[in-house]
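Okay, here's what each chain looks like letter by letter:
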Amino acid sequence: TASRLHAFSGSFPRQWLTDTVVLKIIKHYQEEGQGSEVVQGVLLGLVVEDRLEITNCFPFPQHTEDDADFDEVQYQMEMMRSLRHVNIDHLHVGWYQSTYYGSFVSRALLDSQFSYQHAIEESVVLIYDPIKTAQGSLSLKAYRLTPKLMEICKEKDFTPECLKKANIGFEHMFEEVPIIIKNSHLINALMWDLEDKSTVADKHELLNLSSSNHLEKSLQLLMDRVDDMSQDIVKYNTYSRNMSKQQQQKHQYVQRRTQENTQRQSRGEPPLPEEDISKMFKPPQPPPRMDTLLIAGQVNNYCQNVKEFTSQNLGKLFMAEALQGHN
Amino acid sequence: MSVSGPVVKIHPVVLASICDSYERRNEGASRVIGTLLGTVDKHSIEVTNCFSVPHNESEDEVAVDMEFAKNMYELHKRVSPTEVIIGWYATGFDITEHSVLIHEYYSREATNPIHLTMDTALQSGKMSIRAYVSAQMGVPGKTVGVMFTPLTVKYVYYDTERIGVDLLQRTRVLPNRTKGLTSDLSQVGCSAARLQDMLTTMLAYIDDVLSGKVAADNSVGRFLMDLVNKVPTISAEDFENMLNSNINDLLMVTYLSNLTQAQIALNEKLVLL
């Protein structure tokens, strides 16, 4: 198998990816993913000692309307069975997805990754960013959910109290697993051969100076997310205000009650029955915090991407200046 | 080698997959075969995908799991409906008699299939990749045979594929054949280093020509002229302005994104209070 991608994260398994996987993912996006839809597929491989080796992959077909009765599970089973016949590792170790400008932190991704990680402990999701790759550098990142987040998802309890207990911030949601590409000797030979036959053209996309288009789009997405976030914050604020108002009301009510009771006692009358306070004041519904977390994570991701991009461009601009200076 | 007929354009995905299947072949099998998928044009055939098919080969007979091949093709068609079977591949240096039989089978699946061989055993010192198409030969009506005529093979890449292959190329120079994925400024640095290398080579050549060691080549001279002219002549002041405004844009964006990150971190802390 071509290179193996090995991902490594501290005490967690490393990941080794293979060439085939890289090329297949790229090809899949190129052919099927024009437009802003995501393409997805399954990663196959095996776990070796403390490494996760990803040796092959196959794509998932797109969901189209006339495929309503298409059985995904069946497709997967068939594919894996067939691959087993040709000795390809048929263990499911993760899945991959393409992303549009880095916007992949969503509920759907979280759910899918959770179900994968629940079944197979070391599974990862590979995020492939085709637009960044087209700019000159292969952008493949592997993520997995942190154990803390796994706990939360298991409980399905997204109230603020629970999250506070677990002390989860948006940077504790996903952990990135570094990837190493490993080649076999045969593929090495192939690479030498290809190098011979191919031309030198097009190797320098990375040094392209035009940046405004990409920057514009990224910032647009960032602004949208920040808008979402501010709405969420407003919701949370109203909730906490309601909560505190309610606390005050409860307090007042209890005070009035005790006052009345002491008055009645002094007059010799039986005290009023204790009423169930909680039934009278129904606590407002705490807003689910998971969405906020996701939005925060997404915003963080966008910011990271933008910063990377700007630093690269600054470098390029200085190079252009040097070039001009010699004229 | 005289070549006529369509040009075969191969994507690197196919080659990597073939190598992969070869490495995973069953015990005792000396070669692997499989189906090639792709699209057919008027003058070219583009091979974009492939999958291996289990087969058994012995001295006098060959058995191919055709059911499997059909199944796999159906599955692949679900994902990319534009791909059709355009031929088959085999690893190994020569074309054997069994190949003829297998080729016949594939002629039933596709019109005029191509046959691709890839020398994974590196018999001739390099991995020669060749493509053939079959042609009838012999005396019509009597003994008819099949001859494989070679075709030109070209490698094509999508842009993103090119960049992916680039990264993979870099792994071959490292001793333990591994490479991490780098990002950020270091990549610009790498590209700049490459550019610098190329410039050094060119400068060495120019020096040689100037000192008379190498005869001057006019076409190279013209290329050099083009290169030097590509740097646009802008007045220093204008360039300075452009540069500064660009840098300002980028710095502002960096500042804003840092601000946003600080904001959400703060928000997080406040909520968790």
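Keep in mind it's a predicted model, so treat the numbers as computed, not measured.

**Topic: the overall build of chain A**
Looking only at helices and strands, chain A features 10 helices and nine strands. Sorting the 327 residues of chain A into buried and exposed places 50% on the buried side. In chain A, 71% of the contacts between residues at least 6 apart in sequence involve partners at least 24 apart. When the accessible surface of chain A is totalled, it reaches about 16,100 Å², and 51% of it is carbon and sulfur.

**Some points on the confidence of the model for chain A**
All names here are of chain A. When pLDDT is averaged along chain A, the result is 71; 66% of the residues meet or exceed 70. Per-element confidence in chain A is highest for helix α8 (residues 212-267), whose mean pLDDT is 81, and lowest for strand β1 (residues 4-7), whose mean pLDDT is 42. Here residues 1-13 scores under 50 on pLDDT; set against residues more than four positions off or in separate chains, the count is 86 contacts. Counting interchain partners and residues more than four positions distant, the pLDDT-below-50 stretch residues 65-69 has zero contacts.

**Topic: a nonpolar patch on the surface**
On the surface, A:Met319, B:Leu195, B:Met198, B:Leu199, B:Leu227 and B:Val228 cluster together into a nonpolar patch covering about 480 Å² of accessible area. Secondary structure elements with two or more residues in the nonpolar patch: α5 (185-210) and α6 (218-230) of chain B. Among the elements that line the nonpolar patch, the one with the most residues is α5(B), at three residues. Under the relative-accessibility criterion, A:Met319 is labelled partly exposed at 30%.

**Concerning the environment of B:Asp41**
All names here are of chain B. When you line up the elements, Asp-41 lands in the loop between β2 (33-40) and β3 (44-53). A relative accessible area of 54% places Asp-41 in the exposed class. The spatial distance from the C-alpha of Asp-41 to the C-alpha of Gly-87 is 14 Å, given a sequence separation of 46 residues.

Quick notes on the rules
Residues numbered from 1 in each chain as written. Chains lettered and ligands numbered in written order. Predicted model: local features only at pLDDT ≥ 70, side-chain atom pairs only at ≥ 80, totals over all residues. Heavy atoms only, no water. Helix = DSSP H or I, 4+ residues; strand = E, 2+ residues; numbered from the N terminus. Buried < 20%, exposed > 50% of the residue type's maximum accessible area, 1.4 Å probe, protein only. Contact = heavy atoms within 4.5 Å. Areas by Shrake-Rupley, 256 points an atom, 1.4 Å probe, with all protein chains shown as cover. pLDDT = per-residue confidence, 0-100. Patch = residues over 30% accessible without salt bridge, like charges linked within 9 Å, V, L, I, M, F, W, Y side chains within 5 Å. Salt bridge = Lys/Arg side-chain N within 4 Å of Asp/Glu carboxyl O.

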